[in-house]
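Listed here are the chains, written in short residue letters.
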Amino acid sequence: MTSSALASVAGAPGAFAQTVVSSVMAADQSKSFSIPTGSLAKALTSFGAQSGKQVSVETSLIQGLSSPGVAGRMTAQQALTQLLAGTGLTYRLSGNVVTLVKASANITLGPVRVVGTLAKESATGPGVGYLARYTDAGTKTDTPITEIPNSIYVITKDQIVDQQAQTITEVLRYMPGIYAEQLGTAGRGSGSSPNSSGGDFMQRGFSSTQYVDGIISNMQSAGETAFVERVEAINGPASVMYGQTGPGGIIAMRLKQPTDTPLRNATIGFGNWGRYEATFDVSDKVTKSGNVRYRIAGIGVTQGTQTDYVNYHRVGVLPSIKWDIDNKTSLTLLGEYMYTPGVGSGAYYPRLGTLISGKYGYIPRSRFLGDPDDNVQGAKDARFEYQFSHKFNDHIEFQQNLSYEDGKSWFNNTYGGTLDKTDGQTFSRYAWKSNLQYRTLGFDSRIIGHVNTGPVHHTLVAGVDYRHVKQSRDLTYDETDIPSINVWNPVYNVVHPDYGTNSSDDLDFYRYPVSWNQTGVYFQDQIKFHNLSILVGGRQDWYGYDSKNYHGSQSTSGVNPIIMTKDKNESGSAFTWRAGLVYNFNFGLSPYFSYSTSFNPQYGSTVVNGSVAKPLTGDQFEAGLKYLIPHSNVLLTAAAYHIKEHHYLIDDPDNLDFSTDAGTVVSKGVELSAHANVTHDLRLTASYTYNDTRVAKSDTTVTRHDIYGNNLGSVSEEGKNVSGLPRNMVNMFADYTLPRSIFHGLGVNFGVRYIGFTYADAANSFKVPPYTLFDVGAHYDFEEMTPRLRGLKMSLAMSNLTDKRYFGSCSANQCYYGQARRVYGNISYSW
């Protein structure tokens, strides 16, 4: 559908300006609008282009008038009503023609009725373009980001689609303060392992925690981007609202839910390494009135990877239904099932031959160092959740969310040792297998109140949440020597470990059944006095942990029975709090300051004297600026922070069966970001992160090595940088749809990512080099070529354009290759 600009609105009095369109859009169809505050003339021009309506107005009526703008998904009538707010004008609609007149004019409106309140941008929806103005992740209330005194960043659905991100790891590439690819291609980042809750993501220097729809999630597939509506990062301690988390923050994801207007979309994807993908996403009303709506999304994908013999397969479905019981009560039910028979494992490589050249050069990224006969890894995940809300009146609302997850994962493969320094080709390997089952139950109930005390408005939240996690893991190590592999001339299908009950191999069995739970009571007050917003909150948590460790063995000499080796029970409580303030100047600038705390139990860890390890505790000071540029859709932010985390653990160097309290880690940094819909056709996101995370206080020592692994003696850990974390990160991504009159729907995008050097070990013995990567893409909307192809789009994305060889990080013996050049594309059809 094409349209011209609004004709000259500065012409002679009495002249009429008109938008000419080539096709008619139904009056009740909902669309996404993004029109900034500014002159009414420009607002009407944008409205005509975005809605497809013909706008007719006498120039003298709109000269000198301003419009408050509009953003979000709504009908054209709702958008126009909001654009005209405060102008003294109204409209009448006849077919596809909108005529503006004075509100006092004696007119008869056409057959149009707008029911309910005007739509605003959803705090849990996909966002508009690359900008989201509202969030509920930071406060559990719908709040403008500029009124929250801490750092919250949002990756919108449009940005995920433009970048063709296939995992949450890829989504977070352009997020400030987060290093998501520390494990390179070894961590797919489609979620976290059930015992780490997001530990693959490093946030302000600390392990992150993942939440789905406001509740902690342990699903490995929780972050399937085909099912995700938006991804948010709350940087800094978030324990007051979410309980046990690290001081770096949390990653909050929102799953797709039924839409207010019909949605029908299907895609076919393709890419290198033999990628084929198909998705569908359908939403519509069940009842004639639309008070019951459904949505169902699905995905099926198969592909190889940059590593030979390592493949990835997945199929999943996400059904949901929403019932607006009445105008004050709603209930949403959601289910998810994901089967991933091939996860894509085997991305471990020795440091010699990767970070530094071996005797015969560098090991190729495609080289598989495991064995195809012993290379199985997969997972099954299921999730159910409900979301209930009821408004008692204009002042009190009750909300409750519940989720239940049930999943299992398994693997049966090898892990690597070291590359022989002498011959430069022999790589030792060991065989093992694992089965993991877990269940997670979580719920969150809260009362939200709105109270005015004179000129002061309070948004009060009081709630209780609970989580229970139960998991059991079986590990078996085959201690029988298995054949090493020649990294330059590999011979496969020679590893055949026997884990059977009559095995002649030397086997070690381990079983780890564990369970933990947490109950928290929290409160929060958002105080607003004119332009000043104050946020205060506190939380009391009670937690418990129970674990049992079993060990047994089997060999040709007999079977040693499985016996319990450790039985641990621990419990405790913690109080966390936060406070902050932000002032919103009328010209868009919002300076803020905040203080917040966190806690995170170190379940199952025992220090050298046999006592239970103390919980990790953290605190943060943060100061910053948020600038929403007037009359635009551009949000700029700057934040400076100082975090302390106490009681972090390392392996005790004198007794590897225990840990030792190593002291205090301090993270200091600066984050700069921009999220902008510069124009209707140009969207941009950019950020810079400086993070210095080091051991500030410690009485432990660590061993230094040279790059070849030779021991250089012990040094104090105090003052050393935490390994695997870059100090500097810079990125920028922009998408531009070229002039439609010339290129007819063609758009291009470009991104650049710089990751600074990291240290390879706790002693800071040597550095892993920095790297710069480039991403490019293109998309085409066939509707711009002919209206008969409306809804048909095609896109292509290429990451690591130059195919640069780099590492996510290295450890004492291993390095993790980053992703080689990846090409993904899809054909999408909406109807």
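Our subject is the structure listed above.
Cut-off values and rules
- Residues numbered from 1 in each chain as written.
- Predicted model: local features only at pLDDT ≥ 70, side-chain atom pairs only at ≥ 80, totals over all residues.
- Heavy atoms only, no water.
- 1 Å grid on protein atoms, 1.4 Å probe; cavity = no way out; pocket = protein on both sides within 12 Å on 5 of 7 lines; lining within 4 Å.
- Points joined across faces, edges and corners; volume = space filled by probe spheres on them.
- Helix = DSSP H or I, 4+ residues; strand = E, 2+ residues; numbered from the N terminus.
- Nonpolar A, V, L, I, M, F, W, Y, C, P; charged D, E, K, R; others polar.
- Core = buried A, V, L, I, M, F, W, Y, C linked by side-chain atoms within 4.5 Å.
- Buried < 20%, exposed > 50% of the residue type's maximum accessible area, 1.4 Å probe, protein only.
- Contact = heavy atoms within 4.5 Å.
- Salt bridge = Lys/Arg side-chain N within 4 Å of Asp/Glu carboxyl O.
- Polar contact = N/O pair within 3.5 Å; in protein donor to acceptor, adjacent residues only side chain to side chain.
- Pairing = 2+ DSSP bridges.

1. Focus on empty space enclosed by the protein
Following the criterion strictly, the structure yields 15 cavities of 30 Å³ or more and no others. Space inside the second largest cavity adds up to approximately 150 Å³. In this structure, the second largest cavity is lined by 17 residues; those nearest its centre are Leu172, Arg173, Ile178, Met729 and Ile755. Every element with two or more residues in the lining of the second largest cavity is listed here: strand E12 (178-179), strand E37 (682-697), strand E40 (728-737), strand E41 (746-755) and strand E44 (771-781). A breakdown of the residues in the lining of the second largest cavity according to their chemical character gives 11 nonpolar, three polar and three charged.

2. With respect to the nonpolar core
In terms of nonpolar packing, the biggest core is built from 28 residues, with Leu172, Phe227 and Val231 touching the most fellow members. If you list the elements that add at least two residues to this core, you get strand E11 (151-155), helix H5 (168-171), strand E17 (228-235), strand E18 (249-255), strand E21 (292-304) and strand E23 (329-342). Apart from the residues within four sequence positions on either side, leucine 172 is in contact with Ile178, Ala180, Phe201, Val231 and Ile251. In terms of nonpolar packing, the next biggest core, distinct from the first, is built from 23 residues, Ile35, Leu44, Val70 and Leu84 among them.

3. Points about the pattern of salt bridges
All chains considered together, the criterion is met by 34 salt bridges. Between arginine 293 and aspartate 260 there is a salt bridge, with its nearest N and O atoms 3.4 Å apart. In this pair, arginine 293 is assigned in strand E21 and aspartate 260 in the loop between E18 and strand E19 (263-271), connecting sequence segments 33 residues apart. Using a relative accessible area of 6% as the deciding quantity, one classes arginine 293 as buried. Given a relative accessible area of 68%, aspartate 260 falls into the exposed group. The residue aspartate 284 makes a salt bridge to arginine 264 at a minimum N-O spacing of 2.6 Å. Separated by 20 residues along the polypeptide, aspartate 284 in strand E20 (residues 275-285) and arginine 264 in strand E19 bring together distant segments of the chain. Arginine 264 sits in the partly exposed class, given a relative accessible area of 26%. A network of salt bridges, in which partner residues are shared, links Arg173, Glu181, Arg753 and Asp775.

4. Concerning the side chain of arginine 204
Within the secondary structure layout, arginine 204 lies in the loop between strand E13 (202-203) and strand E14 (206-207). Polar contacts involving the side chain of arginine 204 include one to the side chain of serine 151, which spans 3.1 Å.

5. As for unusual backbone geometry
Of note in the backbone geometry, glutamine 164 takes a positive phi value of approximately 55° without being a glycine. When you line up the elements, glutamine 164 lands in the loop between helix H4 (157-163) and H5. Residue classification places glutamine 164 among the buried residues on the basis of a relative accessible area of 7%. Its identity is not glycine, yet tyrosine 309 carries a phi of approximately 70°, on the positive side. Residue placement: tyrosine 309 occurs in the loop between E21 and strand E22 (311-326).

6. As for the sheet that holds E14
Taking strand neighbours across the sheet as the criterion, the three strands line up as E12-E13-E14 in an open arrangement whose pairing is antiparallel. The open sheet has two free edges, formed respectively by E12 and E14, since each of these has just one partner strand. Here E12 runs beside E13; their pairing, made up of two bridges, is antiparallel. Bridge pairing in E13 places isoleucine 178 opposite glutamine 203.

7. A few points about the pairing of strand E30 (residues 507-529)
In the sheet, strand E28 (residues 456-478) pairs with E30 via 23 bridges, with the strands oriented antiparallel. Looking at the pairing, aspartate 465 lines up with glycine 520 of E30. For E30 and strand E31 (residues 532-555), the ladder comprises 21 bridges, and the chain directions are antiparallel. What sits directly across from aspartate 525, in E31, is valine 536. In textbook terms, the turn of a hairpin is the stretch between consecutive antiparallel strands, and for E30 and E31 this stretch comprises two residues, one of which, histidine 530, has a positive phi near 55°.

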